[in-house]
Amino acid sequence: MLSETDNILLTRTGPATPMGALFRRFWQPVALSAELPDSDGPPLRVTVLGEDLRLFRATDGGVGLVSPRCPHRGADLFFGRNENGGIRCVYHGWKFATDGRCLAVPTIEPGLQRARVEDNIRLLAYPTIERGGMIWAYLGPAEHRQPLPEFEFLTLPDSHWFVSKKLQQCNWAQAAEGGLDTAHFSFLHMSVADAADVTDRVMDRISTGSDTVRWMRDDGAPRFTILEHPAGLVLGAARRGDPGENYWRISQFLLPNHGLTPNAFPGDTYHGQTWVPIGDESCWTYCYSWNPHRPLTESERARYRAGFSVHAEVDAHYMPLRRRENDYLIDRARQKTESYTGIDGVSEQDACIQDSQGLIADRTLEHLGPTDLGVVRFRRTMLGAARALEAGTEPAAAAHPAAYRVRGGGAVAPAAMPLTEVMIRRFGDAFGHADQIRS
Ligand code: FES
Ligand SMILES: [Fe+2]
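Residues numbered from 1 in each chain as written. Chains lettered and ligands numbered in written order. Predicted model: local features only at pLDDT ≥ 70, side-chain atom pairs only at ≥ 80, totals over all residues. Heavy atoms only, no water.

## Things to note about the pattern of salt bridges
Applied cut-off: Here, a salt bridge means any Lys or Arg side-chain nitrogen found within 4 Å of an Asp or Glu carboxyl oxygen. Burial classes: relative accessible area under 20% of the type maximum marks a residue as buried, over 50% as exposed, and values in between as partly exposed (1.4 Å probe, protein chains only).
A complete count under the given rule lists 27 salt bridges for this structure. The salt bridge partner of R88 is E83, with a shortest N-O separation of 2.6 Å. Here R323 and E325 are joined by a salt bridge, their closest N and O atoms 3.2 Å apart. Accessibility expressed as a relative area gives 23% for R323, which makes it partly exposed. Salt bridges here are not isolated pairs; linked through shared partners, they connect R81, E83, R88 and K95.

## Let's talk about the coordination of the iron ion (ligand 2)
Heads up, the rule is: Sites may look incomplete because water is not among the atoms; the donors themselves are N, O and S atoms within 2.8 Å of the metal, or within 3.2 Å for Na, K and Ca. Every angle between 85 and 135 degrees makes a four-donor site tetrahedral, while opposite donors more than 155 degrees apart, with all other angles between 65 and 115, make a four-donor site square planar and a six-donor site octahedral; other sites are irregular. Secondary structure elements follow DSSP: runs of H or I of four or more residues count as helices, runs of E of two or more count as strands, with numbering from the N terminus.
Summarising the metal site, the iron ion (ligand 2) is bound by the protein donors H184 (NE2), H189 (NE2), D350 (OD) and D350 (OD), whose distances to it range over 2.0 to 2.7 Å. If you look at the iron ion (ligand 2), its 4 donor atoms make angles of 53 to 148 degrees with each other, and the shape they trace is irregular. When the donors of the iron ion (ligand 2) are listed by position in the chain, the intervening gaps give H-x4-H-x160-D. Here the residue H189 occupies a position in the loop between α4 (172-180) and α5 (196-203), and D350 occupies one in helix α9 (residues 346-355), the gap between them amounting to 161 residues. Per residue, the accessibility class of H189 equals that of D350, and both read buried.

## Digging into α4
This is how the line gets drawn: Whenever two N or O atoms come within 3.5 Å, that pair is a polar contact, provided that in protein one can donate a hydrogen and the other can accept it, and provided that, for residues adjacent in sequence, both atoms are side-chain atoms.
Extensive coverage of α4 is indicated by the burial of 8 of its 9 residues. Restricting attention to buried positions, one finds in α4 the residues W172, A173, Q174, A175, A176, E177, G178 and L180. The residue sitting at the N-terminus of α4 and contributing the capping side-chain oxygen is N171; that oxygen lies 2.9 Å from the backbone nitrogen of A173.

## A short note on the sheet that holds strand β5 (residues 81-83)
Formally: Pairing between strands is defined by DSSP: at least two bridges between the two strands are required.
Taken in spatial order, the 4 strands of this open sheet run β5-β6-β7-β8, and their pairing is antiparallel. Only two strands of the sheet have a single partner each, and these edge strands are β5 and β8 (102-104). Bridge analysis of strand β6 (residues 86-88) against strand β7 (residues 95-96) gives 2 bridges, and the strand direction is antiparallel. When the sheet's bridge partners are listed, I87 is paired in β7 with F96.

## What to know about the side chain of Q168
Condition: Whether two residues are in contact is decided by their heavy atoms: any pair within 4.5 Å suffices.
On the secondary structure map, Q168 appears in strand β12 (residues 161-168). Polar side-chain contacts of Q168 include one of 2.9 Å to the side chain of Q354. When near neighbours in sequence (up to four residues on either side) are disregarded, Q168 contacts A175, S282, C283, T285, A351, Q354 and D355.

## A look at the side chain of R57
By the secondary structure assignment, R57 is in strand β3 (residues 51-57). Accessibility expressed as a relative area gives 9% for R57, which makes it buried. Polar side-chain contacts of R57 include one of 3.0 Å to the backbone oxygen of G61. For R57, the residues in contact, after removing those within four places along its chain, are S33, L36, P37, D38, S39, D40, G41, G62, V63, N82, E130 and I135.

## Thoughts on the domain arrangement of the protein
Size of an interface: often given as the accessible area lost when the parts come together. Rules: An automatic or database domain assignment provides the domain bounds reported here. A simple way to read buried area is as the amount of 1.4 Å-probe accessible surface that goes missing from two parts once joined, with both sides added.
Taken domain by domain, the protein comprises domain 1 (28-137) and domain 2 (152-436). Using C-alpha coordinates to define each centre, domain 1 is positioned 36 Å away from domain 2. Each side of the interface is counted separately: domain 1 has 15 residues, and domain 2 has 17 residues. When domain 1 packs against domain 2, close to 1300 Å² is buried across both sides, 68% of that on carbon and sulfur atoms. Scanning the region where domain 1 abuts domain 2 turns up 1 salt bridge. K165 serves as the salt-bridge partner of E35, at 2.9 Å between the closest nitrogen and oxygen.

## Regarding empty space enclosed by the protein
Using the following cut-off: Cavities and pockets are found on a 1 Å grid laid over the protein atoms alone: a cavity is a set of points where a 1.4 Å probe fits but cannot escape, a pocket is an open set with protein on both sides within 12 Å along at least five of seven lines, and a lining residue has an atom within 4 Å of such a point. Grid points are joined across faces, edges and corners, and a volume is the space filled by probe spheres set on the points. Lys, Arg, Asp and Glu make up the charged group, whereas Ala, Val, Leu, Ile, Met, Phe, Trp, Tyr, Cys and Pro make up the nonpolar group; the residues left over, Gly among them, are polar.
Scanning all chains against the criterion turns up 2 cavities of 30 Å³ or more. In this structure, the largest cavity encloses a volume near 360 Å³. The set of elements that each furnish at least two residues to the lining of the largest cavity consists of β12, α4, β16 (258-260), β17 (270-277) and α9. When residues in the lining of the largest cavity are grouped by element, the largest group, 4 residues, is from α9. Among the residues making up the lining of the largest cavity, the classes are represented as 8 nonpolar, 14 polar and 4 charged. When its volume is computed, the second largest cavity comes out at roughly 70 Å³. Residue composition of the lining of the second largest cavity, by class: 9 nonpolar, 1 polar and 1 charged.

## Brief notes about the state of the cysteines
In plain terms, the rule: Cysteine sulfur atoms that pair up within 2.5 Å are treated as a disulfide.
Scanning the entire structure with this criterion turns up 0 disulfides. Between C170, a free cysteine, and C283, which holds the nearest cysteine sulfur, the sulfur-to-sulfur gap is 5.5 Å.

## Some points on the packing of aromatic side chains
The relative placement of two aromatic rings is captured by the distance of their centres and the angle of their planes. Our working rule: Within 6.5 Å between ring centres, the rings of Phe, Tyr and Trp (the latter by its six-membered ring) count as paired, and their orientation is classed by plane angle as stacked under 30 degrees, edge-to-face over 60, tilted in between. Cation placement over rings: the criterion is NZ of Lys or CZ of Arg within 6 Å of the ring centroid and within 35° of the ring normal.
Following the criterion strictly, the structure yields 17 aromatic pairs and no others. Ring geometry for F151 versus Y288: centroids 6.0 Å apart, planes at 55 degrees, classification tilted. Within this pair, whereas F151 is found in the loop between β11 (134-137) and β12, its partner Y288 is found in strand β18 (residues 283-290), the two being separated by 137 residues in sequence. Note on F151: relative accessible area 2%, which makes it buried. Taking the relative accessible area as the measure of exposure, Y288 reaches 0% and is therefore buried. Consider the rings of F153 and Y288, whose centres lie 4.5 Å apart with planes at 15 degrees: the pair is stacked. On the criterion of sequence distance, the pair formed by F153 in the loop between β11 and β12 and Y288 in strand β18 is long-range, its members being 135 residues apart. The pair F153 / Y288 is uniform in exposure class, with both members buried. An aromatic cluster is defined as three or more aromatic residues linked by ring pairs; in this entry it consists of W136, F151, F153, Y270, Y288, W290 and Y404. Lying across the ring of Y318, K165 places its NZ or CZ 5.3 Å from the centre.

In structure tokens, the structure reads:
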């Protein structure tokens, strides 16, 4: 459990909060590229870390993330005209570039005064970078800005990855905890019947082999080992496998809000998620799948769009079809005969149970046990980093973009083998760094 003070510290990411300050030392996805398809197209309203902002793609394709308020008299630039290199407020025609520079002030006669206004008035604008099908932004102080983290999929050709996003109707931290808590697979995503056709139907969305299903079903108390590296944590969970062996599911937590999933065996497609707070009671989950060895096929992309693996089935506004308001379309008959949840989709099962903890989970009432070790270490890492930053120590992870180039995945190993050795055997590196990996 956490004290109420620590629960507040962990979960609040608005502008004046310590956790908000920590998040603002890291680049965050703020939209999919697909949401701003056209230069000079309509601006978007976005809310990130409690800040209401506008996003627009200018004539040259560059993207501006700016204050919604025109500095003249506060009109909303959502209604602005995106034209010829900037966004023009349609109240009196002031115009701004993607970096917030004032390009035109037609309410003032040309001359010294207008020049002074054009030179001195700026629209609040945050830097953006577009990569991996996402628009990333940095909302922190310019002097502490570091390069974009080098996630492996960001270094691959476009053909090798797929990204999606979905609304998650709870605080970012419990969504992140759900992603790192790999013990839950033995129930939340599991079929309840041994019949092969039922198991196949339930597990098909995950593309998990029958041995791993059996191992996860038979051992609901995985033993966790945590390793620290410059960008975050390796979270290894060992279940009993076949005699003399452990089945390891190894995930990654990368500061401040990224998780890589533990399922992929060598050659498989890898998956990850990033939980970006909107306010304190909802977040956007960005989901990515990548295969380092080959392009993803059209049928794989179609499955991801239909809500397989980490991806949800969403409408045109990225709202999951199965969500809080409709009880995730739970089917009580199938809950009896097929799966523990009676809900379709791994992503939706995760969302249901994470949302069900409350808009902001009350961690003062918990009773944690050994399988919660990963969650405990995640909290300790984040609370420690937020407190350290308050005391003047910058987060080391932000300054180590190459350390984000890691993988999570599955491995079968002799029962006595410790996690560091399993990592080296599975990934060629104790922390799963992708530069060392050939399979
Ligand atoms: S309020 Fe925007 S130009 Fe006047
Ligand atoms: Fe899950």
